[in-house]
Amino acid sequence: MLSVLGAAFIAQVSPGPATAAIAREAMVKGRSAAIRLALGVTTGSWAWSVLAAGGMGAIILAQEYLLILVRIAAAVYLGWLAWRSARATFASNRNDARACARPSGSSYARGLFIHLTNPKAILFFGALYSLALPRGASICAIALIVVSIAIQSLATFLGLAILFSHERVVAGYRQFGRMLECLFAAVFGSAAVLLTFDLVRAVKGASKAS
């Protein structure tokens with residue numbers, strides 16, 4: 001159990017679109033919005049975890065065209081987030097930068113969408129459960145692991161939201177906002193590019209298979 005939770009924790013706090021989105025939301029819109037976005041990310045994580053634990057991960061991974069659609073949605077959305085951050089970086093003044101940086105729409109929905117369109121999440125949970133669960137594991141054992149990871153993910157993502165919404169961190173964003181937005185643009189943009197490359201390889205693979 002400790003090994004499973006340790007591996008899950010490393011994945012949860014590793015730099016990526018979800019952690020960057022939580023940090024940005026906290027510094028731009030405040031703690032309440034960041035917590036809502038973190039809850040959306042957590043819900044997406046729970047969804048992938050339950051699907052993988054229930055054996056649905058293998059079924060989803062077998063549907064190549066479904067994963068292609070997921071990659072398309074993720075690449076487009078991450079590209080949009082990168083554009084918003086880049087726009088804030090090059091805004092003419094601080095007020096314009098804050099206006100460009102401020103995302104629109106529901107924070108919870110954006111957090112949920114970020115994680116549900118992350119095909120690597122289902123790969124991670126599929127690998128995690130295949131290594132952690134012994135052959136013939138009982139439903140109780142599976143449920144224990146799923147619930148433990150769910151509680152840990154909730155605490156981790158909410159902790160990140162609270163950490164990055166601290167007044168000193170927010171003050172740092174106000175002082176170094178353009179530099180941070182440039183960093184966020186790089187994180188979102190690189191993730192979009194990597195997903196695009198994965199998408200091209202997946203399309204070529206599906207074409208050869210057909």
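This one's a predicted model, so the numbers in the text were calculated from it and none came from an experiment.

S.K.: Can you explain the overall build of the chain? Please cite residues and give values.
M.R.: Per the secondary structure count, the chain includes 10 helices and zero strands. Classification of the 210 residues of the chain by burial places 43% in the buried group. Of the contacts formed within the chain by residues at least 6 apart in sequence, a portion of 82% connects residues at least 24 apart. Carbon and sulfur atoms make up 70% of the accessible area of the chain, which amounts to about 10,900 Å² in all.

S.K.: Quick one: what's the story with the environment of R168, residue by residue and with numbers?
M.R.: The topology assignment puts R168 in helix α10 (residues 167-209). Residue class for R168 comes out exposed when judged on its relative accessible area of 69%. Put simply, R168 and M27 are 141 residues apart on the chain and 9.9 Å apart in space, counted from C-alpha to C-alpha.

S.K.: An account of helix α9 (residues 139-164) is requested, with residue identities and associated values reported.
M.R.: Along an α-helix, a turn takes 3.6 residues, which lines up residues three or four apart on a common side. Here α9 spans 37 Å end to end across 26 residues, near enough to the 38 Å set by a 1.5 Å rise per residue. Those residues of α9 not exposed but buried are I145, V146, S148, I149, A150, Q152, S153, T156, F157, L160 and A161.

S.K.: Can you break down the confidence of the model for the chain residue by residue, with the values?
M.R.: This prediction gives the chain a mean pLDDT of 78; 79% of its residues lie at or above 70. Looking at the elements of the chain, mean pLDDT is at its lowest for helix α6 (residues 94-101), recorded as 48, and at its highest for helix α3 (residues 31-53), recorded as 90.

S.K.: Explain the nonpolar core residue by residue, including any values.
M.R.: Ranked by internal contacts, the top residues of the largest apolar core, which has 28 residues, are I22, L78 and F188. Sequence-distant contacts of F188, that is, excluding residues within four places in its chain, are made with P17, A20, A21, R24, L78, L81, A82 and S85. In terms of nonpolar packing, the next biggest core, distinct from the first, is built from 14 residues, V4, I122, I145 and I149 among them.

S.K.: Which residues make up the pattern of salt bridges, and what are the values?
M.R.: Working definition: two side chains of opposite charge can pair if their charged atoms are close together. All chains considered together, the criterion is met by one salt bridge. Across the salt bridge formed by E25 and R110, the nearest N and O atoms sit 2.8 Å from each other. Taken together, the residues span a long stretch of sequence, with E25 in helix α2 (residues 17-29) and R110 in helix α7 (residues 107-116) at a distance of 85 residues. Overall, E25 belongs to the buried group, its relative accessible area being 2%.

S.K.: Can you lay out the packing of α3 against α7 for me, pointing to particular residues and giving the numbers?
M.R.: Helix packing for two helices is described by the angle between their axes and how far apart those axes are. At a minimum axis separation of 7 Å, α3 and α7 run at an interaxial angle of 35°. Crossing geometry of α3 relative to α7 is assigned as right-handed. In this structure, α3 uses A33, R36, L37, L39, G40, V41, T43, G44, S45, A47 and W48 to contact α7, whose residues at the interface are S107, Y108, R110, G111, L112, H115 and L116. Split into classes, the residues belonging to the contact of α3 with α7 amount to nine nonpolar, seven polar and two charged.

S.K.: How would you summarise a nonpolar patch on the surface if you had to cite specific residues and measurements?
M.R.: Taken together, the side chains of F9, I10 and V13 make up a nonpolar region of the molecular surface, amounting to roughly 260 Å² of accessible area. Along the chain, the position of F9 falls in helix α1 (residues 2-13).

S.K.: Hey, could you go over the environment of I22 for me, with residue numbers and the actual values?
M.R.: Tracing the sequence through the fold places I22 in helix α2. On the accessibility criterion, I22 (0% relative accessible area) is buried. In this structure the C-alpha to C-alpha distance between I22 and L158, which are 136 residues apart in sequence, comes to 9.0 Å. Residues within four places of I22 in sequence aside, it is in contact with A34, L37, A38, V41, F157, L160 and A161.

S.K.: Any details on the packing of α1 against α9? Residues and values, ideally.
M.R.: At a minimum axis distance of 10 Å, the contact between α1 and α9 shows a crossing angle of 35°. The two elements α1 and α9 cross, and the hand of that crossing is right-handed. Every residue of α9 that contacts α1 at V4, L5, A8, F9, Q12 and V13 is listed here: I145, S148, I149, Q152, S153, T156 and F157. The residue inventory of the contact of α1 with α9, partitioned by class, reads eight nonpolar, five polar and no charged.

Analysis parameters
For every chain, the first residue of the written sequence is number 1, and numbering continues from 1 onward in sequence order. Only residues with pLDDT of at least 70 are given local features in this predicted model, and only at 80 or more are side-chain atom pairs given and counted; all residues enter the totals for whole chains, interfaces and linings. Side-chain measures were taken over the full set of non-hydrogen atoms in the model, leaving aside hydrogen atoms and water. The helix count covers DSSP runs of H or I at least four residues long, the strand count covers runs of E at least two residues long, and both are numbered beginning at the N terminus. Partly exposed residues are those whose accessible area sits between 20% and 50% of the maximum for their type, while under 20% is buried and over 50% is exposed, using a 1.4 Å probe and protein chains only. Any two residues whose heavy atoms approach within 4.5 Å at even a single point are treated as in contact. Accessible areas in this description were obtained via Shrake-Rupley with a 1.4 Å probe; residue shielding takes into account the shown protein chains only. What a helix should span is 1.5 Å times the count of its residues minus one. The predictor attaches a confidence to each residue, called pLDDT, with possible values from 0 through 100. Nine residue types can take part in a nonpolar core, namely buried Ala, Val, Leu, Ile, Met, Phe, Trp, Tyr and Cys, and a core is a set of them joined through side-chain atoms within 4.5 Å. A pair is scored as a salt bridge if a Lys or Arg side-chain nitrogen falls within 4 Å of a carboxyl oxygen belonging to Asp or Glu. The axes are straight lines fitted to the C-alpha atoms, using for helices just the contacting stretch, and the angles between their N-to-C directions are given from 0 to 180°. Two helices cross in a left-handed way if the nearer one is turned anticlockwise from the farther one by less than a right angle. They cross in a right-handed way if the turn is clockwise. Residues were grouped as follows: Ala, Val, Leu, Ile, Met, Phe, Trp, Tyr, Cys and Pro as nonpolar; Asp, Glu, Lys and Arg as charged; and all remaining residues, including Gly, as polar. Each patch is built from residues lacking any salt bridge and having more than 30% relative accessible area; the joining distance is 9 Å for like charges and 5 Å for nonpolar side chains (Val, Leu, Ile, Met, Phe, Trp, Tyr).

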